[in-house]
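For reference, the chains in residue letters:
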There are 2 protein chains.
Amino acid sequence: MNKIPVIHELYPDIPETSLHLFFDKLQEKTLQKGDLLISEGQICQHITYIQSGIVRSAYKRDDKDITISFSGEGEFITAMSSFISQTPTYENIEALSETHVLQISYSELMALLDQDKNMEHIYRLILERYYISLEELLIFSKFKSAKERYLELLTKKPLIIQYAAVGHIASYLDMSIETLSRIRSSM
Amino acid sequence: MNKIPVIHELYPDIPETSLHLFFDKLQEKTLQKGDLLISEGQICQHITYIQSGIVRSAYKRDDKDITISFSGEGEFITAMSSFISQTPTYENIEALSETHVLQISYSELMALLDQDKNMEHIYRLILERYYISLEELLIFSKFKSAKERYLELLTKKPLIIQYAAVGHIASYLDMSIETLSRIRSSM
DNA sequence: ATTAGCCTTTGACAAAAATCAAAAAAATCA
DNA sequence: TGATTTTTTTGATTTTTGTCAAAGGCTAAT
C-alpha cells in the first residue's frame, strides 16, 4: 500500500510505520477540468501529489497570467512558497483534465513532523524534488530558444500539448500566441 | 554566539545544544575576488553562508555563461541541486569581492541529521529559503521588462552594479551587453 | 608616461518577435 | 444542424533586441 512510489524509491530506508502514518493522512480528491486547486489570495494549505491527470500552475500580476509549470502523474504540485511561509499566494493552479490527487494539509504535516522524526525525511524529499524541478525550469528558460523550448515540451510532456490551450503554452514559453502558432506551422 | 542570525529569527525554538552542534561544524573561509566556490563538473560538497561579500552564480552550457544569481551578506549560496543529489554540477560560483563565508559539508550535515532530530529544522529552513529565493528569481524574470529588471536590481542590490561586470549583469537580465549599455545611458 | 589589452559604449544594420487586424477553424449551444 | 462565440492562424507592420564593427576609455605593466 504505497500510494506515492517515489518516496520508496528515494528513501527505501524509511520504516513502514512512518510511511503508514504519512499515507494515512492523505486525502483523495478528484478535480474536474477547470477546477482550481488553489487560487490567488489564498494561503496554500496542502501539498498535492498527482496520481493521474494534468494541472497548470500560473502566476497572476498586473493582469498578466503567466504559466509557470505544467505537472502530471507522479509529480507534486503546490503553491510552495505560500505553503512554506503560510502567506497569500499569487498562484492559480487548475486542472486541465480530470485529475486524481492525494493531499496532505499543512497542519497535519506539521503535527506529523513533531510526532515522528522520519517524517522530516519525507518532507525533505518533497522539498528537494520541488526545488530541483524549479531549477530545471529556470535553466530551461534561460538557455533554450523559443523553438527549442517548444520542441522539448513536445517530446518531454506531449500530453500537455493536447490538454493546454495555446495561450497557456505560449506564456509558459515566454512568447506571444502568434509566435507559437507560427512555430507550430513551420514544422 | 549565533553565527547565522536568520536561523534564530525563523526557528527561535531550536534548543541551544542543537544550535551549538551545528555551528561547531561550520568552517570559516575567506575568498579573494575571482576565487571559485565551486565549478562545473564538481559535486557540490558544501552549503555556504555569506557573512560578507558578493558572489555570482552562473550556469555554463554550449559555451554560453549565464548568470543565475548574485548573492550577498546573510544569504546561503550553493550549487543546490548538485548538493541535494550529489551529482556533478554545471554551476560556477565565484567571489566578486573579498568574501567571508561559513561552510558545512555534506557528510557532516548528513551525520548531524542522523544524530540530532532538531537538525532537520535547520536544514529545512535552508532548503525553504533557498526555494523561495529561486521562485522569486523565476517570477522576476517572467514578469518584468528589461528596463524594469535593471531598475529593480539597481534599487534592491546596488552593490552588485558596483562589483559585477556588465557582461554578468546582462546575462542575468537576459539581454546582450549592448542592450544593457543602452538602457544605462538612457537614464 | 606610454603602450597594450580589455571592457564598455555607440552606430548601423539585420533578425526576431510583438502588435494589430482580419480570416479561418474549432468548439459550444440552442 | 446551424448559429454564435471562442480560439487559432495568417498577414502586414512596427518595435525591440541582437549582431557586427569601430571607437572610446580604463587599467596595468613595462
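Heads up: these notes are all about the structure in this document. (Residues numbered from 1 in each chain as written. Chains lettered and ligands numbered in written order. Predicted model: local features only at pLDDT ≥ 70, side-chain atom pairs only at ≥ 80, totals over all residues. Heavy atoms only, no water.)

Let's shift gears to the interface of chain B and chain A. Contact residues are listed per partner, giving 34 residues for chain B and 34 residues for chain A. Here chain B meets chain A over a buried area of about 3500 Å², counting both sides, of which 65% is carbon and sulfur. Here chain B is connected to chain A by two salt bridges. Between R124(A) and E120(B) there is a salt bridge whose closest N-O contact spans 3.4 Å. For the pair chain B and chain A, the interface holds 10 residue pairs in polar contact (both at pLDDT 80 or more). Only β4 (54-61), β5 (64-72), α3 (80-85), α4 (106-115), α5 (119-143) and α8 (166-172) of chain B provide two or more residues apiece to the side of chain B that touches chain A. (Contact = heavy atoms within 4.5 Å. Buried area = accessible area lost by both parts, 1.4 Å probe. Salt bridge = Lys/Arg side-chain N within 4 Å of Asp/Glu carboxyl O. Polar contact = N/O pair within 3.5 Å; in protein donor to acceptor, adjacent residues only side chain to side chain. Helix = DSSP H or I, 4+ residues; strand = E, 2+ residues; numbered from the N terminus.)

Once that is clear, we can look at the protein's contact with DNA strand C. Taken together, 14 residues lie around DNA strand C, and S176(A), E178(A), T179(A), S181(B) and R182(B) are the ones closest in. Counting only the atoms of DNA strand C within 4 Å of the protein, the fraction contributed by sugar and phosphate is 52%. Here a phosphate oxygen of DNA strand C and a side-chain polar atom of S176(A) are 3.1 Å apart. At 2.7 Å from a base nitrogen of DNA strand C is found a side-chain nitrogen or oxygen belonging to R182(B). Elements with a contribution of two residues or more to the surface near DNA strand C: α9 (177-185) of chain A together with α9 (177-185) of chain B. The element contributing the most residues to the surface near DNA strand C is α9(B), with five residues. Across the surface near DNA strand C, the residue classes tally to five nonpolar, four polar and five charged. (Near = heavy atom within 4 Å. Nonpolar A, V, L, I, M, F, W, Y, C, P; charged D, E, K, R; others polar.)

Coordinates in, geometry out; function isn't part of it.
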